[in-house]
Amino acid sequence: MRIGIDSRELEGNPTGVGRYLEGLLKNWASLNIEFFLFFRNEIPELKFLDSPNFEKILVKKKTKNWVWEQVGILNIINKLNLDLYFSPSYSIPLLTSVPTAFALHDLSFEYNRKWFNKKEGFKRRFLAKYSSKKAKTIFTGTDFIKNEIIKHYKTEEKKIRVIPYGVKPIFHFKEYIDLEKGKGKTILTVGALFQRRNIPLLLKSFRKIIEKNPDVTLKIIGENRTFPKIDFKRICEDLGIEKKVYFIEYLQDEDLVKQYYTSDLFVSLSEYEGFGFPVLEALACGLPALLYKNLCYLEIFKDVAFFVEKMNPSEISSQILEILNMKLGTERRKEIAEYTKGFSWENTARKTISSLLELIN
């Protein structure tokens, strides 16, 4: 059994798709299957990649990412006598003769085209649409995105497999946190900064919060990927909150988990998501979360999170202050963390590989 995998998302600083692929590969390392992992710029030094059933292949070509995917690795894929090619990230090589499957985590580029420049948006829509037509199976994490795929691409429902994602073991509840914590409260948000995540609205809400409680701080962890580019630090200066807001582009898991442990509330005002790794990680650590009522968040977190009723600064700031004043105890935080135990990478990986093997057998 020989399966090829696009592994570019493990390079550099992995975010959502990288987390997804890592969760799968760590659980596939012990299988009696040959996996051929394709990299573009470097082969990352990750311990789980040393498994003897992982053949790591670096294909360095000075092309754009999508050209590398569609043309750069095409000959190699076709010559390796693969039984299947799997992509964890939105599209597949359209011209390969090898059977294919891929993961489509969200359709934000269809939901609101203004969030992407014209070339990027067109490329994403084109590749996702025709990959959906060509692939044998499409994986996604929620029924919401399954319905989005059917709506936009007229895909047969039986072709889509909804398999919820997992949470890494490092994100777990600790009753005693041996980390120094200040006297004030900390609000935390994590994830790449896109338009859909409404960071300016969070900043305006935060200004109202510190008018009533000046001991609250806000930490925003994520790379600025907005289009058109938003100058968040300038917004903070204009609002007079620049000394109370901290921006961090990226943290390794060992440092990120400390932020979950030492914060008091996780907030995400995103109007569109495909799953929500940071929310799941925060909850796994026992950190309460306040979320916007998008359909994805309601599907996954409706029984455990708080939800914003109205998307305006006054309503949001009032809800945040109310939650911060609740003084949620250890038992309630344990209950929050307990909910996430239903999200296991072992289950995700097992169900995914079973579906892939059905395409081969």
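Residues numbered from 1 in each chain as written. Predicted model: local features only at pLDDT ≥ 70, side-chain atom pairs only at ≥ 80, totals over all residues. Heavy atoms only, no water.

A closer look at the overall build of the protein
Secondary structure assignment for the protein yields 14 helices and 13 strands. Here the protein has a C-alpha radius of gyration of 21 Å; the compact-globule value for 361 residues is 21 Å, and the two agree. At a minimum sequence separation of 6, the contacts of the protein that also span at least 24 residues come to 68%. Accessible surface computed for the protein: about 17,400 Å², of which carbon and sulfur atoms make up 48%. (Helix = DSSP H or I, 4+ residues; strand = E, 2+ residues; numbered from the N terminus. Rg over C-alpha atoms; globule rule 2.2 N^0.38 Å. Contact = heavy atoms within 4.5 Å. Areas by Shrake-Rupley, 256 points an atom, 1.4 Å probe, with all protein chains shown as cover.)

Overview of the sheet that holds strand S9 (residues 217-221)
Strand order in the open sheet formed by six strands is S10-S9-S8-S11-S12-S13, and the pairing between neighbours is parallel. The open sheet has two edge strands, strand S10 (245-248) and strand S13 (306-308), and neither has a second partner. Pairwise comparison of adjacent strand axes, ignoring direction, gives a mean angle of 25° for this sheet. Two strands pair when backbone bridges link them, and strand S11 (residues 265-268) and strand S12 (residues 289-292) are joined in this way by three bridges, in the parallel orientation. Within S12, the position partnered with Phe 266 by the bridge is Ala 289. (Pairing = 2+ DSSP bridges. Axes fitted to C-alpha atoms, helices over the stretch in contact; angles between N-to-C directions.)

Points about a nonpolar patch on the surface
Together, Phe 122, Phe 126 and Tyr 130 line one region of the surface with nonpolar side chains, adding up to about 310 Å² of accessible area. Considering the arrangement of structural elements, one finds Tyr 130 in helix H5 (residues 118-134). Residue classification places Tyr 130 among the partly exposed positions, given a relative accessible area of 34%. (Patch = residues over 30% accessible without salt bridge, like charges linked within 9 Å, V, L, I, M, F, W, Y side chains within 5 Å. Salt bridge = Lys/Arg side-chain N within 4 Å of Asp/Glu carboxyl O. Buried < 20%, exposed > 50% of the residue type's maximum accessible area, 1.4 Å probe, protein only.)

Describing the pairing of strand S8 (residues 186-190)
Within S8, five of the five residues are buried, which leaves the element mostly enclosed by the surrounding structure. Side chains Thr 186, Leu 188 and Val 190 project from S8 onto one buried face, and the interleaved Ile 187 and Thr 189 project onto a second face that is buried too. Summarising the sheet, S8 and S9 pair through five bridges and their orientation is parallel. Bridged to Thr 189 within S9 is Ile 220. In this fold, the crossover linking S8 to S9 by way of helix H7 (residues 199-212) has right-handed handedness. Pairing analysis gives two bridges linking S8 to S11, with the strands arranged parallel. (Right-handed = clockwise from strand over helix to strand, strands pointing away.)

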